[in-house]
Amino acid sequence: MPLAKYGPYRQSERSSLYSKIASTLINDGKAYPCFCTPDELDAMKAKQEAEGIPPRYDGMWRDADPDLVAEKIANGDPYTVRFKVPAGARVVINDAVRGTVSWDAEATVGDFILLRSSGVPVYNFCVAVDDASMGITTVIRAEEHLTNTLRQGLILDALGAPRPRYAHCSLILGEDKQKLSKRHGATSCNQFRLDGFLPDAMINYLALLGWNDGTENEIFTRDELIEAFDIDRIVKSPSVFDMDKLKWINSQHLKKMDVEEILNLVEEQLNFMDMIKSDHGNEDKKRDFVFATTAIAKQMMETLQDAATNAKTVLEYNLPSTFDDLADGSEAKEMVKQGHFYGISMKLLELYESKSIPMPDENDFLAAFMDGSNKAIVEDRELGGDDKSYTQEYKAFMKSIAKEMGVKGKNLFHPVRLALTGDMSGQDVTKQLSLLAMATSEGSVVNAESADVVPFETRMDRLKSFCESIPEEFRVSKKANDDKGKSKKESNKSEAKKDSTSAAASSSSATAASDVSDPLASYEGPPITALDIRVGRINKVWVHEDAEKLYCEEIDVGEDEPRLIASGLRPYLAEEDLDGRMVLVLCNLKARKLAGFPSHGMVLCASNEDHTEVKLVSVPVDAKIGERVTVPGFNFEDEEAAPFAENKVGKKKVFEKIAPYLKTSEYGVPEFGGRPILTSAGVCTSPIKNGSVS
C-alpha cells in the first residue's frame, strides 16, 4: 500500500482522531472523565508520600455516579480523560534487544491521563493510536522509552490492536561516557553537513552504533545496509560516539568516489568559508579552481571541509618575519641552522629577480593535477602534465640547483619547500604553486581576503627579509664550517711543527683525539633501552583494501598471539619480499588504527637519504623469535633497563629523539650512536649504506 494512506503525519493535524478514539474508550468503559483539580491532586500526592506510598492517582472519579459526571460536563467543568487500568493487568513484551520485559500494571501505574483538560492528547496516547492506525509492525527506539511501553501496550490492548515488535536500543554516549548531548558537539544534521560529512557516511556510522552484520566489514552503502540489517544483531551495551571513527568512515567513502563526484560538495565547503567570490561571473575558472582544490587534497581528506581548509593553508604563507620568530626546537628552525637554507634561498631570490624560476602556465593551470589522459591525479607523488609541462620544467630546475649548489635530498628539498610555500610539509610544490597561480591570476574567482592569499611576489619579499635576519653562523652549511675548522687545525699544526718536533707530535695527538668524536657525546634523549625492539617473523602479509600504501602483516614476536601490524611498504617492496621474513619490530608503541586496521608495533627498515629506497633490516637466521636486541655499552638486563610502557612511548616523546641516532654505517650495519644492533646470533645488517633506520 502507498504510505501516504496513513497520513497526515503531524500529530497536531490528527487531534480529531485522538478525541474520537478517547470518546470511544469512554463509551466502552475503558476510560473515564476525571474532574480533580490541581490542588486536589497535589493534596493526594502529599498524603501518599507521608504514608510512604508511591504517589499515583487513587481512582477518585473511576467509578463515579454517571449522573454526577453528566451534570459536571453539562456545567462545563474542566476534566481530563483517564485510562482505566484493568484489575490484575500485566504487560509482557519480548524485546528484540532486552529480551523478555514485563510489568505489573496495577502496581506500577495508576489510571493515567489520555487527554488533558485542554483537550490536548498526551504523548503515550498519540503514539499508541498512531501505531494502531498506521499498522506499525516494529518499533525501534531508545531505552529511555522502555517504561512508556507499559502505557502504550495497555492502550493498544484496549483498542484491540496488535502490539508492534519492540527493540529498545541503548543510548549513545559521549567520550566521557555520559548521554550524548549538544555539549559534546554537533547535534543537527545540518551541522555535520557544514563540517563536511557525507550523508552516506553518516548513515553508515550511525548504523554501526550498536549494530554489526557479524563480519569485520565496517563500510556499507545504503543499499548494502538495507540488505544486511537484521534487528536481532542490535547489541544491548551502549555505544560511544567516536568522532575519529566517524571521520575514518567518511574518509573511506570519499576514497571510493572520483574527484568529479565530489566537486559540488567541495564547492559548497569553499562557499561556506567565503573563499569564492559570489559575483565572479566565470563558471569555467570556478570549476577549475574547485577541481584543483579537490585533487590536491583528495588523498588526505577525512571530510569535505579538509579540501577547503587545505586550500587555505596552501594559499597562505607561514614563513615568520625573522629567524628569531621560528619556534625554538622546531623542525624549521633546526633545518635553517644546518646552513643550507640561506644559500639556497638566496639562489632562489636571484633566479626570481632574473625571472628564471619556472612558473605555472596560465593557459594550463590544471597540468599539475591531471595525467596524460586528463584524469585527476590524487597520489601526491605522481606528477601531472606531459614532457613539456610546468611540472617537468620545475623538475629540471631543481636538478640544476642541486648540481650548482652541490646539495641533494632533504638538504635541498626541505629548504626549497620552506622558502616557496612557508611550510616544512605539504603536498607537491608544483601543485601548491599551481593552485596559488590560479588564485592570483587575472580575473581569479578566489576571494583573496577570506582565503588569506599571499601572492608569489609577496612571498619572495618576505623570504628576502627573513634571510636578512638569519645569523651569520647559520648562513653556511655545517659541513663547510667543519671543513673550514679542519683547515684551520691543519694550519695550526703546521705552525706548531716549525717550533718543535715534540710539540708537533703532541698537537697531532690531541687533534686526532678531537677528530674521532663519539656520536653520543651530545646526545640528551632517552636511553636506547627505552625501546622494546624484538626479533619477529612475518607469518602472513596482505594488501590493505582501503589504503594504497599499506600492507597488513601478522608477525610472531614471541607472544601468545601474533601481532597485527600495518606498514607503509607497498611502494617499496612486493608481498613476497615480506612473507616469511625475519624482521625487527618496535613492540612498545601504543596500539592504534591505521585506516581502520588495528596496528600494534612498527617494522624497522633502513632508507636512503631522500627515502626513495626502503629495505627491511636483515636479522641473522639463527636469531631467536621474540628476543630483544641489544647495543654494546648499554645494560639491557636489570630493572632500570626495562623498556618504557606503551602509553609513554610515542614518536614525539621517545622515538623521535632516538631516531636521529639510528643509522646504517658505511658497511650497512644498523647502529645506535655508532654501536651495532645485536641479536644472540650476531649483528643485524642492511643493504642500504649510510642511511637511516625507522
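Residues numbered from 1 in each chain as written. Predicted model: local features only at pLDDT ≥ 70, side-chain atom pairs only at ≥ 80, totals over all residues. Heavy atoms only, no water.

1. Points about the overall build of the protein
Link 1 in the chain: A count of helices and strands for the protein gives 23 helices and 24 strands.
Link 2 in the chain: Taking 26 Å as the expected radius of gyration for a compact globule of 694 residues, we find that the protein reaches 37 Å, considerably beyond that expectation.
Link 3 in the chain: Projecting the C-alpha coordinates of the protein onto the three principal axes gives extents of approximately 135 × 70 × 50 Å.
Link 4 in the chain: Each of the 694 residues in the protein was classed as buried or not, and the buried ones make up 44%.
Link 5 in the chain: Counted over contacts in the protein with a minimum sequence separation of 6, partners at least 24 positions apart contribute 69%.
Link 6 in the chain: When the accessible surface of the protein is totalled, it reaches about 36,800 Å², and 49% of it is carbon and sulfur. (Helix = DSSP H or I, 4+ residues; strand = E, 2+ residues; numbered from the N terminus. Rg over C-alpha atoms; globule rule 2.2 N^0.38 Å. Buried < 20%, exposed > 50% of the residue type's maximum accessible area, 1.4 Å probe, protein only. Contact = heavy atoms within 4.5 Å. Areas by Shrake-Rupley, 256 points an atom, 1.4 Å probe, with all protein chains shown as cover.)

2. Looking at empty space enclosed by the protein
Link 1 in the chain: As enumerated under the stated definition, the model contains one cavity of 30 Å³ or more in all.
Link 2 in the chain: Tallied by class, residues from the lining of the largest cavity come to eight nonpolar, no polar and one charged. (1 Å grid on protein atoms, 1.4 Å probe; cavity = no way out; pocket = protein on both sides within 12 Å on 5 of 7 lines; lining within 4 Å. Points joined across faces, edges and corners; volume = space filled by probe spheres on them. Nonpolar A, V, L, I, M, F, W, Y, C, P; charged D, E, K, R; others polar.)

3. Looking at the sheet that holds strand β5 (residues 113–115)
Paired through their backbone hydrogen bonds, the strands of a sheet run either parallel or antiparallel.
Link 1 in the chain: With antiparallel pairing, three strands are arranged side by side in an open sheet as β1-β2-β5. Because the sheet does not close on itself, it has two edges, and the strands there are β1 (31–34) and β5. Averaged over all pairs of adjacent strands, the angle between strand axes in this sheet comes to 40°, irrespective of strand direction.
Link 2 in the chain: Sheet topology note: the strand β2 (residues 80–83)/β5 ladder contains two bridges and is antiparallel. Each bridged residue has a counterpart across the sheet, and for Val-81 the counterpart in β5 is Leu-115. (Pairing = 2+ DSSP bridges. Axes fitted to C-alpha atoms, helices over the stretch in contact; angles between N-to-C directions.)

4. Quick notes on the pattern of salt bridges
Link 1 in the chain: Tallied over the full model, the rule gives 24 salt bridges.
Link 2 in the chain: Among the salt bridges present, the one from Asp-130 reaches Arg-14, with a minimum N-O distance of 3.0 Å. With Asp-130 in helix α5 (residues 123–134) and Arg-14 in the segment before α1 (15–27), the pair connects residues that are 116 residues apart, well separated along the chain.
Link 3 in the chain: Its relative accessible area of 10% is what places Asp-130 among the buried residues.
Link 4 in the chain: Relative accessible area serves as the criterion here: at 6%, Arg-14 is assigned to the buried category.
Link 5 in the chain: A salt bridge links Asp-157 to Arg-163; the shortest N-O distance between them is 2.6 Å.
Link 6 in the chain: Owing to a relative accessible area of 40%, Asp-157 belongs among the partly exposed residues under this scheme. (Salt bridge = Lys/Arg side-chain N within 4 Å of Asp/Glu carboxyl O.)

5. A look at the pairing of strand β13 (residues 582–586)
Link 1 in the chain: Summarising burial for β13: five of the five residues are buried, a large majority.
Link 2 in the chain: Where burial is concerned, the two faces of β13 agree: the one with Met-582, Leu-584 and Leu-586 and the one with Val-583 and Val-585 are both buried.
Link 3 in the chain: With five bridges joining them, strand β10 (residues 533–543) and β13 adopt antiparallel strand pairing. Across the sheet, residue Val-535 finds its bridge partner in β13, namely Leu-584.
Link 4 in the chain: Inspection of the sheet shows β13 paired to strand β16 (residues 602–603) by two bridges, in the antiparallel sense. Counted as the bridge partner of Val-585 is Val-603 from β16.

6. Overview of the nonpolar core
Link 1 in the chain: Judged by nonpolar contacts, the single largest core of 97 residues is most densely connected at Leu-315, Phe-341 and Phe-369.
Link 2 in the chain: Each residue touching Leu-315, except ones within four places of it in the same chain, is listed here: Met-275, Phe-289, Leu-435, Leu-436, Ala-439, Val-446, Ala-451, Asp-452, Val-453, Val-454 and Arg-459.
Link 3 in the chain: Formed by 32 residues, the second largest nonpolar core is a distinct cluster that contains Val-91, Val-139, Ala-161 and Tyr-166. (Core = buried A, V, L, I, M, F, W, Y, C linked by side-chain atoms within 4.5 Å.)

7. A closer look at the packing of helix α16 (residues 390–405) against helix α17 (residues 410–421)
Link 1 in the chain: Interhelical geometry of α16 versus α17 gives an angle of 120° and a closest axis separation of 11 Å. The pairing of α16 with α17 is recorded here as oblique in orientation. Crossing handedness for the pair α16 and α17: right-handed. From α16, Tyr-394, Met-398, Ile-401 and Ala-402 reach across to α17, where they touch Leu-412, Phe-413, Val-416 and Leu-420.
Link 2 in the chain: Among the residues forming the contact of α16 with α17, the class breakdown is eight nonpolar, no polar and no charged. (Parallel < 35°, antiparallel > 145°, perpendicular 65-115°, else oblique. Left-handed = near helix turned anticlockwise from the far one by under 90°.)

8. Quick notes on the packing of aromatic side chains
Link 1 in the chain: A full pass over the atoms with the stated rule returns 16 aromatic pairs.
Link 2 in the chain: Here Phe-35 and Trp-61 contribute two aromatic rings whose centre-to-centre distance is 4.9 Å and whose plane-to-plane angle is 65°, an arrangement assigned as edge-to-face. You can see Phe-35 sitting in the loop between β1 and α2 (38–50) and its partner Trp-61 sitting in the loop between α2 and α3 (66–74), a full 26 residues away along the chain.
Link 3 in the chain: Over the ring of Phe-112 we find Arg-151; its NZ or CZ atom is 5.7 Å from the centre of that ring.
Link 4 in the chain: Lying over the aromatic face of Trp-542, Lys-540 brings its terminal NZ or CZ to 5.0 Å of the ring centre. (Phe/Tyr/Trp six-rings, centres within 6.5 Å; stacked < 30°, edge-to-face > 60°. Lys NZ or Arg CZ within 6 Å of the ring centre and 35° of its normal.)

9. Comments concerning the sheet that holds β16
Link 1 in the chain: If you walk across this open sheet you meet the five strands as β12-β11-β10-β13-β16, and the pairing is antiparallel. The sheet is open, and its two edges are formed by β12 (563–567) and β16, each paired on a single side.

10. A few points about the environment of Val-85
Link 1 in the chain: Within the secondary structure, Val-85 is located in the loop between β2 and β3 (90–95).
Link 2 in the chain: With near-sequence residues (within four places) excluded, Val-85 lies in contact with Arg-62, Ala-105, Glu-106, Val-109, Gly-110, Asp-111, Phe-112 and Leu-154.

11. Notes on the side chain of Lys-245
Link 1 in the chain: With respect to the helices and strands, the residue Lys-245 is situated in helix α10 (residues 243–255).
Link 2 in the chain: A distance of 2.6 Å separates polar atoms of two side chains, one belonging to Lys-245 and the other to Glu-218.
Link 3 in the chain: Excluding residues within four positions of it along the chain, Lys-245 makes contact with Tyr-205, Glu-218 and Lys-593. (Polar contact = N/O pair within 3.5 Å; in protein donor to acceptor, adjacent residues only side chain to side chain.)

12. A short note on a negative patch on the surface
Link 1 in the chain: Taken together, the side chains of Asp-361, Glu-362, Asp-364, Asp-386 and Glu-442 present a region of like negative charge at the surface.
Link 2 in the chain: Tracing the backbone shows Asp-364 in the loop between α15 (340–353) and α16.
Link 3 in the chain: Accessibility expressed as a relative area gives 40% for Asp-364, which makes it partly exposed. (Patch = residues over 30% accessible without salt bridge, like charges linked within 9 Å, V, L, I, M, F, W, Y side chains within 5 Å. Lys, Arg positive; Asp, Glu negative; His and termini not counted. Charge placed at Lys NZ, Arg CZ, Asp CG, Glu CD.)

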